[in-house]
Amino acid sequence: AQQGRIREKAYGKQKIYFANQEQLPAASEAELRGLDGEITTRAAAVQALQQSCRQLEAELRDLNNSMTTTEMARELEELRKECTSYTDRLERIKSASNHVSPEEKEKV
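Read on for an overview of the structure.

Rules and cut-offs
Residues numbered from 1 in each chain as written. Predicted model: local features only at pLDDT ≥ 70, side-chain atom pairs only at ≥ 80, totals over all residues. Heavy atoms only, no water. Salt bridge = Lys/Arg side-chain N within 4 Å of Asp/Glu carboxyl O. Buried < 20%, exposed > 50% of the residue type's maximum accessible area, 1.4 Å probe, protein only. Helix = DSSP H or I, 4+ residues; strand = E, 2+ residues; numbered from the N terminus.

Under the counting rule described, the total for this entry stands at two salt bridges. Close ionic contact of Lys15 with Glu8 constitutes a salt bridge, the shortest N to O distance being 3.4 Å. The class for Lys15 is exposed, based on a relative accessible area of 52%. For Glu38, the salt bridge goes to Arg42, with nearest N and O atoms at 3.0 Å. Here Glu38 pairs with Arg42, and both are found in helix 1 (residues 29–65), just four residues apart, close to one helical turn. According to the relative accessible area criterion, Glu38 is partly exposed, its value standing at 37%. Looking at Arg42, the relative accessible area reads 56%, which means it is exposed.

If you want it as structure tokens, here you go:
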């Protein structure tokens with residue numbers, strides 16, 4: 001700060017040091033317009049990347065919430081066993097000889 005390379009500001013008991021901008025070269029209007037164009041281009045690129053990132057995160061959430069192949073195979077096997085037991089039960093009900101006919105049901 002004494003040599004003039006950085007500046008010092010005191011706020012009560014605190015001191016803040018920052019670069020002395022007077023030593024920096026001033027930018028021309030053409031350079032400023034070029035920098036503004038670069039900022040716009042990079043901001044658009046950042047926005048596109050953020051959108052892509054959001055889509056990929058949504059896809060990752062969907063994949064994490066879905067079943068794996070082994071889980072799906074296990075679930076399929078359980079459903080097949082359940083279907084077989086229901087089929088057997090249906091066959092037993094159909095083959096039973098103590099059915100009540102609709103006419104008898106009407107009488108009761």
